[in-house]
Amino acid sequence: MGCNSCSTGKDGQPKGCKNNGTCGTDGCNKLTVFDWLSNMSLPNGEKPFDIVEVRFKNSRKEFFRNSENLTLSIGDIVATQAQSGHDIGMVTLTGELVRVQMKKKKVRDNAEEIPKLYRKATQKDIDIWQKARDREEEIKKRSREIAIILKLQMKISDVEFQGDGSKATFYYTAEDRVDFRQLIKDMAKAFGIRIEMRQIGYRQEAQRLGGIGSCGRELCCSTWLTDFRSVSTSAARYQQLSLNPQKLAGQCGKLKCCLNYELDLYLEALKDFPSQDTKLFTEKGMAFCQKSDIFKSTLWFSYKDEPSNWHMLSKDQVIEIIGKNKKKEKVTSLEEYAVDNIVEEKVVFENVVGQDSLTRFDKPKRRNNRNKNKKRRNNRKKRQNNA
């Protein structure tokens, strides 16, 4: 974590700041930018950049113009301009790095529509803000009940209050368009606030709510991923993955974003690789491709009449056979090529503690020595008699 309060305690257990991502250092936030220019002074005559980055609930970040020239630092709670009233957020970035972030997000710094930053939040502002935040879970539960009563095909996934408590934004997901006019009337009457409905996609829902993926790590969309590229089943086919919807789908119910991570590497490797539909013609019969390994550059073929008997060929061998087939020449058989690929397996593991027996720690069994002792006594008597 980015702050000291998230480090481990004396007993080895994580302490945790228990601020749910709203700590002063902002180290637990998604895509937090480290202000490496904070200790550097500006050149003479240079004015500090008058736009700051402010974060709200669930890593929602916006830019605001500091027209009052307030002295701000990361972690300050500020009151910002909203469509009606004001909102409360936390400063996450100041200075020249804000200009870089705006360029990255394609926001012009000279645009007149950039909202203003009013002031540093007073204790009264913070109390109203915290009181509004505490109502969100209760209102989300009640709004879902109202939607079920109205039989609307939608799911309300999150509620975000404005800092002054006068307005609440409801984020929902739905397959089709939803007529929620009656829902807004019922919720406004029940809660006594202004309502704004905002539809989001299933990936955006997972981004806002977060969770743990099948890999055991936090969801990419809720930690570092910012753009959601379309993912198709062809990405799984190129990587020779099983087309199992339960394994390929993420928390959002859509195909996992990580299917695109290594796709470019596979596509580059497949450029000069024989297709899965390749057919080889031999004097023994026609052969089909059963399996291919892109990184080992090997393919497995089997005859049409012997589908269970596979022959391993290298990529160059398959290309050679395809070239002969194009000239209407048939090779003798696949076995001739497959023999060259048989390599004796070398021992890659040795017992470094010696070839000890598995029963070396077992207690030795008691042997019956009566017969031996009897033979010894008889031999002793015979020697005495002969003497």
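Structure's up top.
Just so we're clear, the structure is a prediction, and the values are computed from it rather than from any experiment. Just so you know, the residues in each chain are numbered from 1, in the order the chain's sequence is written. Restriction of local features to residues with pLDDT of at least 70 applies here, the model being predicted, together with a cutoff of 80 or more for giving and counting side-chain atom pairs; totals for whole chains, interfaces and linings are based on all residues. To obtain the side-chain values, all non-hydrogen atoms of the structure were used and water was disregarded.

### Here we look at the pattern of salt bridges
Side chains that differ in sign of charge can pair as their charged atoms come close. Operational definition: One side-chain nitrogen of Lys or Arg within 4 Å of one carboxyl oxygen of Asp or Glu is enough to make a salt bridge. Numbering of helices and strands runs from the N terminus, with a helix taken as a DSSP run of H or I at least four residues long and a strand as a DSSP run of E at least two residues long. Summary of the burial criterion: residues with accessible area below 20% of their type's maximum are buried, those above 50% are exposed, and those between are partly exposed, where the area comes from a 1.4 Å probe applied to protein chains only.
By the definition in use, this model includes 23 salt bridges. Put simply, R142 and E145 hold a salt bridge, and the shortest N to O gap is 3.3 Å. Within this pair, R142 and its partner E145 are both found in helix α3 (residues 136–149), separated by 3 residues, close to a single helical turn. Given a relative accessible area of 34%, E145 falls into the partly exposed group. Residue E205 is joined to K155 by a salt bridge in which the shortest nitrogen-to-oxygen separation is 3.1 Å.

### A look at the nonpolar core
Definition in use: The term nonpolar core refers to a set of buried residues drawn from Ala, Val, Leu, Ile, Met, Phe, Trp, Tyr and Cys, joined through side-chain atoms within 4.5 Å. The contact criterion used is simple: two residues touch if any of their non-hydrogen atoms lie within 4.5 Å.
Within the largest apolar cluster, 21 residues are counted, with the highest numbers of intra-cluster contacts made by M154, F170, Y172, L183, M187 and M197. Among all residues touching L183, those that are not within four sequence positions of it are S143, I146, A147, L150, L152, M154 and M197. Counting 14 residues, the second largest nonpolar core, distinct from the first, contains A287, F301, L313 and Y337.

### Observations concerning the sheet that holds strand β9 (residues 279–282)
Applied cut-off: When DSSP finds at least two bridges between two strands, those strands are taken to pair. Axes here refer to lines fitted to C-alpha atoms; in helices the fit is confined to the stretch in contact. Angles between the N-to-C directions go from 0 to 180 degrees.
Within the open sheet, the 4 strands sit side by side as β9-β10-β11-β12. Their pairing is antiparallel. Strand pairing shows two members of the sheet lacking a second neighbour, β9 and β12 (310–314), which therefore form its edges. Averaged over all pairs of adjacent strands, the angle between strand axes in this sheet comes to 35°, irrespective of strand direction. Pairing between strand β10 (residues 285–293) and strand β11 (residues 298–303): 6 bridges, direction antiparallel. Bridged to S292 within β11 is L299.

### So, the pairing of β11
A large share of β11 lies buried, amounting to 6 of its 6 residues. Here β11 shows two buried faces, one formed by T298, W300 and S302 and the other by L299, F301 and Y303. Hairpin connection from β10 to β11: 4 residues lie between these consecutive antiparallel strands, with S297 at a positive phi of about 55°. Bridging between β11 and β12 involves 5 bridges; their strand directions are antiparallel. Each residue of the ladder has a partner; that of F301, found in β12, is H311.

### Describing the environment of G165
Mapping G165 onto the fold places it in the loop between β6 (155–161) and β7 (167–173). The class of G165 is buried, set by a relative accessible area of 19%. Taking C-alpha positions, G165 is 9.4 Å from R194, a pair spaced 29 residues apart along the chain. Those residues in contact with G165, other than ones at most four positions away along the chain, are A132 and I193.

### Some remarks on a positive patch on the surface
Heads up, the rule is: Patch definition: residues above 30% relative accessible area lacking any salt bridge, with like charges linked at up to 9 Å and the nonpolar side chains Val, Leu, Ile, Met, Phe, Trp and Tyr linked at up to 5 Å. In this description, accessible areas are obtained by the Shrake-Rupley approach with a 1.4 Å probe, and a residue is regarded as covered only by the protein chains that are shown. When charges are counted, Lys and Arg contribute as positive and Asp and Glu as negative, whereas His and the chain ends are disregarded. For the purpose of locating charges, the reference atoms are NZ of Lys, CZ of Arg, CG of Asp and CD of Glu.
A surface patch of like charges, here positive, comprises K374, R376, R377, R380, K381 and R383. Note that R377 resides in helix α12 (residues 370–386). Overall, R377 belongs to the partly exposed group, its relative accessible area being 46%.

### Here we look at a nonpolar patch on the surface
Residues F34, W36 and M40 make up a contiguous nonpolar surface patch of roughly 440 Å² in combined accessible area. When you line up the elements, W36 lands in the segment before β1 (51–55).

Purely geometric numbers; function is a separate question.
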